[in-house]
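These are the residues of each chain, in order.
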Amino acid sequence: MSSPAASSAPTQATGAWQPDVLGADYQQRTLPLGPDPDGEGDAFATLVRYTPVDQPVATSAVLFVHGFTDYFFQEHLAAHLAAQGFAFYALDLRKCGRSTRDGQTPHFVTDLALYDVELNRSLRIIREETGLPVLVMGHSTGGLVTSLWLNRLQATGGARAQGITGLVLNSPWFDLQGPSYYRNPVSTALLQGIGRLSAMAQLPLGKISTYGDSLHRTASGEWDYNLDWKPLTGFPIHAGWLRAIRRGHLRVHRGLDIGVPALVLRSKLTRFMSKYGPAADVADVVLDVKQIQRWSGCLGERTNIVPIEGARHDVFLSSEKPRTQAFTELDSWLEWLATSPEAGA
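Read on for a plain summary of the structure. (Residues numbered from 1 in each chain as written. Predicted model: local features only at pLDDT ≥ 70, side-chain atom pairs only at ≥ 80, totals over all residues. Heavy atoms only, no water.)

Some points on the overall build of the protein
This is how it is decided: Put simply, DSSP H or I for four residues or longer makes a helix, DSSP E for two residues or longer makes a strand, and each gets a number counted from the N terminus. For the radius of gyration, the atom set is restricted to C-alpha positions; the globular benchmark scales as 2.2 Å times the number of residues to the power 0.38. For the exposure calls, accessible area comes from a 1.4 Å probe over protein chains only, and a residue counts as buried if that area is under 20% of its type's maximum, exposed if over 50%, partly exposed in between. For this analysis, residues touch if any pair of their heavy atoms sits within 4.5 Å. We get accessible surface area from the Shrake-Rupley algorithm with a probe of 1.4 Å; when it comes to residues, only the shown protein chains can shield them. This count recognises Lys and Arg as positive and Asp and Glu as negative, with His and chain-terminal groups excluded. Note that the charge is assigned to NZ on lysines, CZ on arginines, CG on aspartates and CD on glutamates.
For the protein, the helix and strand inventory stands at eight helices and nine strands. Taken over the C-alpha trace, the protein has a radius of gyration of 19 Å; the compact-globule value for 345 residues is 20 Å, and the two agree within 12%. Dimensions of the protein, computed from the C-alpha atoms along their principal axes, are close to 50 × 45 × 45 Å. The buried share among the 345 residues of the protein stands at 55%. Taking contacts inside the protein between residues at least 6 apart in sequence as the whole, the part at least 24 apart equals 75%. Of the roughly 13700 Å² of accessible surface on the protein, 53% is carried by carbon and sulfur atoms. Computing the positive centroid from 31 side-chain charges and the negative centroid from 33, the protein places the two 7 Å apart.

Comments concerning the environment of Ile194
The topology assignment puts Ile194 in helix 4 (residues 185-197). Residues Ile194 and Asp38, spaced 156 residues apart in sequence, show a C-alpha to C-alpha distance of 16 Å. Beyond its immediate chain neighbours, meaning those up to four positions away, Ile194 contacts Ala199 and Ala239.

Quick look at the environment of Glu309
For clarity, the cut-off: By the criterion applied in these results, polar contacts are pairs of N or O atoms within 3.5 Å in which, for protein atoms, one can donate a hydrogen and the other can accept it, and in which residues neighboring in sequence qualify only through two side-chain atoms.
In this structure, Glu309 sits in the loop between strand 9 (303-308) and helix 8 (320-339). Placed 17 residues apart in sequence, Glu309 and Ala326 show a C-alpha to C-alpha distance of 9.4 Å. In this structure Glu309 touches Lys268, Pro322 and Gln325, once residues within four positions along its chain are discounted. In this structure the side chain of Glu309 is engaged in a polar contact, spanning 3.4 Å, whose partner is the side chain of Lys268.

Here's the deal with the pairing of strand 7 (residues 164-170)
Rule in force here: By definition, two strands form a pair when at least two bridges between them are found by DSSP. Crossovers are marked right-handed if the path from the first strand over the helix to the second runs clockwise, as seen with the strands pointing away from the viewer.
For strand 7, the buried fraction is high: seven of the seven residues fall into the buried class. Bridge count for strand 6 (residues 134-139) against strand 7 is six bridges, and the pairing is parallel. Bridging from a neighbouring strand, Gly138 pairs with Leu169 of strand 7. In the classification by handedness, the crossover that spans strand 6, the intervening helix 3 (residues 141-152) and the parallel strand 7 is right-handed. As paired strands, strand 7 and strand 8 (residues 262-267) are joined by four bridges and run parallel to one another. For Asn170, the partnering residue across the bridge sits in strand 8 and is Leu265.

As for the sheet that holds strand 2 (residues 23-35)
Rules: Fitted lines through C-alpha atoms serve as axes, helices being fitted only where they are in contact, and the angles separating the N-to-C directions of these axes extend from 0 to 180 degrees.
The nine strands lie next to each other as 1-2-3-5-4-6-7-8-9, forming an open sheet whose pairing is mixed. Both outer strands of the open sheet, strand 1 (18-20) and strand 9, are each paired with one neighbouring strand and no more. Geometrically, the sheet is characterised by an average inter-axis angle of 25° between neighbouring strands, direction not taken into account. Looking at chain direction, strand 2 and strand 3 (residues 42-50) are connected through nine bridges and run antiparallel. Paired with Arg29 across the strands is Leu47, a residue of strand 3. Sheet strands in contact with helix 2 (residues 116-130) are strand 2, strand 3, strand 4 (60-65), strand 5 (86-92), strand 6 and strand 7, and its direction is about 135° off that of strand 2. Strands strand 5, strand 6, strand 7, strand 8 and strand 9 of the sheet are contacted by helix 8, whose axis makes an angle of about 165° with strand 9.

Okay, here's the thing in structure tokens:
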């Protein structure tokens, strides 16, 4: 299964729905965000919606948020949720995918709370267009971003007051993977200092394409996507961005209150590999699934955590059998959510 490759040139149109790179069933709307607080010109985000001619009448809406070195291209996810009665929307965050502008550092922010601007605006657009309750979905870094956003919504009445009914997390990034000394107080303080004083410093982490090779059809995978927006080796890591991520992690570890039930899908196994091999197709080669399991309990509301045998980091980009299981688990949880008094928005 594959998605059509996208053009690398982002649209500059703003304020109205325009044709999207994914084809006739998709439209995009550019959201101007004003001057970038990190000094890289004007910032933009891009909201995408799925509008097939034969779409069933929607009873809910969904807002999907991608991860790091990522953007929305998962057409099969949109089609599946539309068949379940969801009006599907996805957000390419500032400096990511469709929202990339010349002279900007891909995915770079020094505070994850900056994303609240495009998240709030997207939620408002979806509610105004559909009048429907909204399910939020986040993958990897997008899972961290959306969890922190829902927690901050508590200051304005909470997620339910905004029409949000639930949160689905696909391998959320809740801690720094790797040896334990990466996470000790000394290393954390050092990173915080470097990130504050030299935000654009590029960390010497090397280039590993294991995950990209397992996904993209030009390597060993079955998926097609824009390698300018999602390169096989990932984008460089900058100290200021990683500082923002670690601050987000530590906030999760202190406990959140997202205000709605959550479903967390993850692989059953982690395998960190420097080169692609068949084992990369049946495990999470990006994050430590034990960390996902540990910290998902900090979301503050009823949370179901489901390991998927043989899943990749993005469980919905897994091979057919685990991908089918992931959709089955999602559908079962959505059925529960639709009838649960805990999810009333």
